Amino acid sequence: MTRALALCAAAAFIAALPVPPAAGQSKPPAVERDATTEEFEKFRAVLEADNPAELFEVKGEELWKTPRGPKNASLAACDLGLGPGVVKGAYVQLPRYFADTGKVMDAERRIVHCMVTLQGFDAAALAKQPFSTETRTPDPVALTTFVAGQSRGMKIAPPQSLPQERAAFALGREIFFYRAGSYDFSCASCHGEDGKRIRTQQLPNLTRPEQAIRGYQGWPGYRMTGGVMHTLQWRLNDCFRQQRFPEPEYLSDSLTALLTYLAVNAKGQVYKGPGIKR
Amino acid sequence: MAEPMKIRAKLEGDVLDVRVLMAHPMETGQRKDGAGNLVPLHFIQTITAQLNGKPVFQADTSQAISRNPVFGFRLKGAKAGDKLSITWTDNKGDKRTDEIVVGAA
């Protein structure tokens, strides 16, 4: 906690410094950059080299390969969209439509589906405490981190060939712009325009491809505050909490739809694997 | 209980640059849980490194180190094919050893 406060103070100090004029005005005006953002990026680059997220990738891989659950099965037969057991490159091609469930599913949702159908885990029990705490990392989080790590360096390419996938995108877009709650907020209130920020944190405009990647990149992410691993399911849940919306249901259609909207907007950009967050 | 570490070792001439990521809660003994009770002290006390079974490095560490710490050091006289093993022991007697072959990864 103290560390987080110290960090905020340092960031505030940096923000107060005069910004040197950009040489030659060569940067595109769409993505506003300033000294604060650049300092954070340096900070992140130093930490990326030894990202504790890798520990969760290792753990997730072990969980994937070990026979577990009431059915004592591994996840080797889990189909993430590229065929049973194919993990490499699957994460960047999700969310996608799965004929066996008749639903569009994102990575974490599909992994939990596999844990339930193949290993016999109880879906309700898994949904009870789905997010990491300082003392506990749920298995789906570690598994999602492992799966995401297997798409490192690949281009984000969620399919949009099926009507169900296009419907998920359309629904996600609708949710993104839907204003409600006690603050009359929508995702777009913060993420629908260029150059917005919360305190020192610059907010990407998630409706633009070159910025949408910033919402997708770095997740699953290791949060230094508290030292916990989080996935996009948590990220979106927390966005709704901050908007004072009712909490969305874990792995619900709405979250998959919103993730489809984000993924399609970030299409074609290179995914760098699990990240690190302050 | 103890989870695997991630060891990375890069040879630069005969100097081996080692970075180890360890999964550990590293409780300081000063933090309180949700119910207001102190979370007991739980931290890595010693880290040792062995090259081909021979001790080359030992560190006594304290609770002032962060959760899931990364530890780095440089080692002279290593070559490709050497076996590097790292062991940590915490104050509850829990321990974990992982080994890599230099130049394999």
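Residues numbered from 1 in each chain as written. Chains lettered and ligands numbered in written order. Predicted model: local features only at pLDDT ≥ 70, side-chain atom pairs only at ≥ 80, totals over all residues.

Chemist: Break down the overall build of chain B for me, with residues and values.
Modeler: Secondary structure summary: chain B contains 0 helices and 7 strands in total. The dimensions of chain B, computed from C-alpha atoms along their principal axes, are 55 × 20 × 20 Å. Within chain B, the proportion of its 105 residues that are buried is 23%. Of the contacts made within chain B by residues no fewer than 6 positions apart, 54% connect residues no fewer than 24 positions apart. (Helix = DSSP H or I, 4+ residues; strand = E, 2+ residues; numbered from the N terminus. Buried ≥ 20, exposed ≤ 12 C-beta atoms within 10 Å, placed from the backbone. Contact = placed C-beta atoms within 7 Å.)

Chemist: If you had to explain the interface of chain B and chain A to someone new, which residues and values would you point to?
Modeler: In this complex, chain B contributes 11 residues to the contact, which on the side of chain A involves 8 residues. Its residues assigned to classes, the side of chain B that touches chain A comprises 5 nonpolar, 2 polar and 4 charged. (Nonpolar A, V, L, I, M, F, W, Y, C, P; charged D, E, K, R; others polar.)

Chemist: Give me the lowdown on the sheet that holds strand β5 (residues 70-76) of chain B, citing residues and values where you can.
Modeler: All names here are of chain B. Spatial ordering of the open sheet is given by β1-β2-β5, a layout of 3 strands whose pairing is antiparallel. A single partner strand is all that each edge strand has here, and the edge strands are β1 (6-12) and β5. Put simply, the sheet's adjacent strands are angled 15° from each other on average, direction ignored. Alignment of strand β2 (residues 15-21) against β5, held across 7 bridges, turns out to be antiparallel. Counted as the bridge partner of leucine 16 is leucine 75 from β5. (Pairing = 2+ DSSP bridges. Axes fitted to C-alpha atoms, helices over the stretch in contact; angles between N-to-C directions.)

Chemist: Can you break down the packing of helix α7 (residues 163-177) of chain A against helix α11 (residues 253-265) of chain A residue by residue, with the values?
Modeler: Residue and element names in this part refer to chain A. Remark: α7 packs on α11, axes separated minimally by 7 Å, with the N-to-C direction vectors making an angle of 95°. Considering the angle they form, α7 stands roughly perpendicular to α11. Residue-level inspection shows Glu165, Ala168, Phe169, Leu171, Gly172, Arg173, Ile175 and Phe176 of α7 in contact with α11, the latter providing Ser254, Thr256, Ala257, Leu258, Thr260, Tyr261 and Val264. Residues belonging to the contact of α7 with α11 are distributed by class as follows: 9 nonpolar, 4 polar and 2 charged. (Parallel < 35°, antiparallel > 145°, perpendicular 65-115°, else oblique.)

Chemist: Residue-level account of unusual backbone geometry, with values.
Modeler: Keep in mind that most residues, glycine aside, have a negative phi and that most peptide bonds are trans. Residues and elements named next belong to chain A. Here leucine 94 and proline 95 are connected by a cis peptide whose omega angle stands at 0°. With respect to the helices and strands, proline 95 occurs in the loop between α3 (53-65) and β1 (96-98). Cis geometry is found at the peptide bond from tryptophan 219 to proline 220, where omega equals -5°. Within the secondary structure layout, proline 220 lies in strand β6 (residues 218-223). Phi at leucine 251 is positive, roughly 65°, even though this residue is not glycine.

Chemist: Pulling in residues and values, what's your account of the sheet that holds strand β4 (residues 54-60) of chain B?
Modeler: Residues and elements named next belong to chain B. Strand order across the open sheet formed by 4 strands is β4-β3-β6-β7, with antiparallel pairing between neighbours. Of all strands in the sheet, those bounded by a partner on one side alone are β4 and β7 (95-101). In this sheet, adjacent strand axes meet at a mean angle of 15° when their direction is disregarded.

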